[in-house]
Amino acid sequence: MNQEPRPPLTGRLRTAHWIALDAALALVLGAVTWQRVLNYAADYRPHGRELPEPATWQVAVVLACVVALGAALAVRRVRTPLAVGLVLAAWAAIVVAAGELMIANIVGLQVVLTGAAVVFLAAATRSTRDGLAALCLALAATQLTWLGSYELWHNWLVAALAHLTAWALGAAVGRHRAHDAALRRHQADAVRAELTAERIRLARELHDVIAHSMSVVNVQAGYGQFVIDSDPQGAKTALAAIRSTSRDALREMRGLLGVLRDGGPPDTASLLPAPTLADLDRLVAGAADAGVRVDLTITGARRERSPALELTVYRIVQEALTNVVKHAATDTARVRIEYRPEALLLEVGDRGRGAQPAEVEAADGHGLAGMRERVGLYGGTLEAGPRTPRGFRVRALLPTGGER
């Protein structure tokens, strides 16, 4: 049994898994920063840079901002705007409360990493406008470093570049995902269109097979019922024709429906080759069994055409003869096929009562429409209508494009 390849690990992770990873990263990064801030506050050493010693309330504000930054990183996938706001507010509070202190520099790394992660996600998963808004807010936050110490503001360019890089990567990932999703939708639409076309083709084939065969069966059954008492031999002949016609129809139907089997190899015994122009004699014999003698004429330099084109011609002749049997009230019909260098001409006519195309469509529902569809696939033309003084004619011209 064929199995789809497993997607990569990142493709198997769900949103809950990513949120858990973000929360774990936020916890680790926040714990490291928290410990560094406490260590610095407990063992203050200006090292000659004359940085003031942090007050207790300043340490408390910075530690609260560390928690806020961790929360921003943890909720960035489910509350992106909230995460952007938390990063901006936390950094503003740190700069205002402790911008001149070393603890602001210690928290700076967490601020840059968290801000870059939030900007990346906004650019990758949200609209272009939202991504640009997150970038602008992040760049505005980097400008707050100018309110702090020299050690703080001289790194503003590094922070700005980090946010710009995160936005560019996120935008690229977002475009790639959008293109991939559009490609999958296109492929799904193409598959659906192909399946629809295949269903239409099968429906057309089944209609042609059933309509023709059942018409012959109906005529033979009526004839057999009429002569069963007066002409037993004639009734036997009608029953034999019914048996032969129904057997051929069943074999063709099995061949058509074989492609619809779900699972397992098809039954090759039931998959017969598609009918070609060489099988027209079978149609002529079937029409004769139904009481319509067909004069088949083939002119021009006879040559092999593509199987699809020959099947189209076969089905048009089949449908036209079926309409003769059902609607023309005549015992003769004429089929003419002319091979031309760049086209194939087909005519099927009779001298019956000359039913109008609307009558044929109303009684049949699919016949002439199916012919038009088949001819249209090859860019050909189809004429179907009454003849003068009486009768009905179907004329199809199918371009072959110089097929050999």
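To be clear, the structure that these remarks concern was listed above.
Since the model is a prediction, treat every value here as computed from it, not as a measurement.

Undergrad: I keep staring at the overall build of the protein chain and nothing clicks. Help me out?
TA: Of the regular secondary structure elements, the protein chain holds 13 helices and five strands. Out of the 404 residues in the protein chain, the part that is buried amounts to 39%. In the protein chain, of all internal contacts separated by at least 6 residues, the share reaching a separation of at least 24 is 71%. Counting only carbon and sulfur atoms, one obtains 61% of the accessible surface of the protein chain, whose full area is about 22,400 Å².

Undergrad: In this structure, what is going on with a nonpolar patch on the surface? I would like to understand it.
TA: Taken together, the side chains of Trp34, Leu38 and Val67 present a nonpolar region at the surface, about 250 Å² in accessible area. As for its placement among the helices and strands, Trp34 is situated in helix H2 (residues 15-42).

Undergrad: Sorry, what's going on with the pattern of salt bridges here?
TA: Two side chains of opposite charge can pair, provided their charged atoms sit close to one another. By the definition in use, this model includes nine salt bridges. Glu347 is the partner of Arg336 in a salt bridge, and the nearest nitrogen-oxygen pair spans 3.4 Å. Of this pair, Arg336 sits in strand E2 (residues 332-339) while Glu347 sits in strand E3 (residues 343-350), and the two are eleven residues apart along the sequence. Per residue, the accessibility class of Arg336 equals that of Glu347, and both read buried. By sharing partners, the salt bridges in this structure join Arg336, Glu338, Arg340, Glu347, Glu383, Arg393 and Arg395 into a single network.

Undergrad: It is not clear to me how the packing of helix H4 (residues 80-98) against helix H5 (residues 102-125) should be interpreted in this structure. Could you clarify?
TA: A pair of packed helices is captured by two measures, namely the crossing angle of their axes and the spacing between those axes. At their nearest, the axes of H4 and H5 sit 10 Å apart, and the two run at 160° to each other. For the element pair H4 / H5, the angle class is roughly antiparallel. With respect to the hand of their crossing, H4 and H5 are arranged in left-handed fashion. Where H4 approaches H5, its residues Thr80, Ala83, Val84, Val87, Trp91, Ile94 and Ala98 are matched on the opposing element by Ile103, Ala104, Val107, Gly108, Val111, Thr114, Gly115, Val118, Leu121 and Ala122. Looking at the contact of H4 with H5 residue by residue, the class counts come to 13 nonpolar, four polar and no charged.

Undergrad: Teacher, can you tell me more about the pairing of strand E5 (residues 392-399) here?
TA: The side chains of a regular strand alternate, residue by residue, between the two faces of the sheet. Alternating positions in E5 separate cleanly, Phe392, Val394, Ala396 and Leu398 being buried on one face and Arg393, Arg395, Leu397 and Pro399 remaining unburied on the opposite face. The sheet contact formed by E3 and E5 spans eight bridges and is antiparallel. When the sheet's bridge partners are listed, Ala343 is paired in E5 with Pro399. Judged from the six bridges that link them, strand E4 (residues 381-386) and E5 form a sheet pairing that is antiparallel. Of the residues in E5, the one forming a bridge with Glu383 is Arg395.

Undergrad: How should I be thinking about the nonpolar core in this particular structure?
TA: Within soluble globular proteins, side chains that are nonpolar tend to cluster in buried spots. If you look at the biggest cluster of nonpolar residues, it comprises 32 residues, and the most contacted ones within it are Val294, Val313, Val317, Leu321, Val335, Ile337 and Leu346. Within the residue set of this core, elements represented by two or more residues are helix H10 (280-289), helix H11 (307-328), E2, E3, helix H13 (367-377) and E5. Top contributing element to this core by residue count: H11, with ten residues. Among residues more than four places away in sequence, those in contact with Val335 are Val294, Asp295, Leu296, Thr297, Val317, Leu321, Leu346, Glu347 and Val348. Formed by 28 residues, the second largest nonpolar core is a distinct cluster that contains Val95, Ile106, Val107 and Ala122.

Undergrad: Help me understand the side chain of Gln318, please; the structure alone is not making it clear to me.
TA: Inspection of the secondary structure assignment puts Gln318 in helix H11. Given the relative accessible area of 2%, Gln318 is considered buried. Within the structure, the side chain of Gln318 is placed 3.0 Å from the side chain of Arg315, a separation counted as a polar contact.

Undergrad: Just to check I follow, could you spell out the packing of H4 against helix H6 (residues 128-143) for this structure?
TA: Packing of H4 against H6 leaves a shortest axis separation of 10 Å and a crossing angle of 10°. With respect to each other, H4 and H6 are oriented roughly parallel. For the pair H4 and H6, contact is made by Val84, Leu88 and Trp91 and by Ala134, Leu137 and Ala141, respectively. Looking at the contact of H4 with H6, its residues break down into six nonpolar, no polar and no charged.

Calculation criteria
- Residue positions are given per chain, counting from 1 as you read along its sequence in written order.
- Given that the model is predicted, a residue must reach a pLDDT of at least 70 before its local features are reported, and side-chain atom pairs must reach 80 or more before they are shown or counted; all residues, however, enter totals for whole chains, interfaces and linings.
- Derived side-chain values reflect all non-hydrogen atoms in the structure, with water molecules and hydrogen atoms excluded from consideration.
- Counting from the N terminus, the helices are DSSP H or I runs at least four residues long and the strands are E runs at least two residues long.
- Only protein chains enter the calculation, and the probe is 1.4 Å; a residue is then buried if its accessible area is under 20% of its type maximum, exposed if over 50%, and partly exposed in between.
- The contact rule is simple, with two residues in contact once any of their heavy atoms fall within 4.5 Å.
- Here, Shrake-Rupley sampling with a 1.4 Å probe gives the accessible areas, and only protein chains in the shown set may cover a residue.
- Two joining distances apply to patches: 9 Å for like charges and 5 Å for nonpolar side chains (Val, Leu, Ile, Met, Phe, Trp, Tyr), and every residue must have over 30% relative accessible area and no salt bridge.
- The salt bridge definition used is simple: a Lys or Arg side-chain nitrogen within 4 Å of an Asp or Glu carboxyl oxygen.
- Helix axes are fitted to C-alpha atoms over the stretch in contact, other axes to C-alpha atoms as well, and angles between N-to-C directions run from 0 to 180 degrees.
- Orientation categories follow fixed angle ranges, with anything under 35 degrees roughly parallel, anything over 145 roughly antiparallel, 65 to 115 roughly perpendicular, and all other angles oblique.
- By convention, the crossing between two helices is left-handed when the near helix turns anticlockwise from the far helix through less than a right angle, and right-handed when the turn is clockwise.
- By the convention adopted, Pro, Cys, Tyr, Trp, Phe, Met, Ile, Leu, Val and Ala count as nonpolar, Lys, Arg, Asp and Glu as charged, and the other residues, Gly among them, as polar.
- The pairing criterion is simple: DSSP has to find at least two bridges between the two strands.
- The criterion is simple. A nonpolar core is a set of buried Ala, Val, Leu, Ile, Met, Phe, Trp, Tyr and Cys residues joined through side-chain atoms within 4.5 Å.
- Under this definition, polar contacts are N or O atom pairs within 3.5 Å; protein pairs additionally need one hydrogen-donor-capable and one acceptor-capable atom, and for neighbouring residues in sequence, both atoms have to be side-chain atoms.

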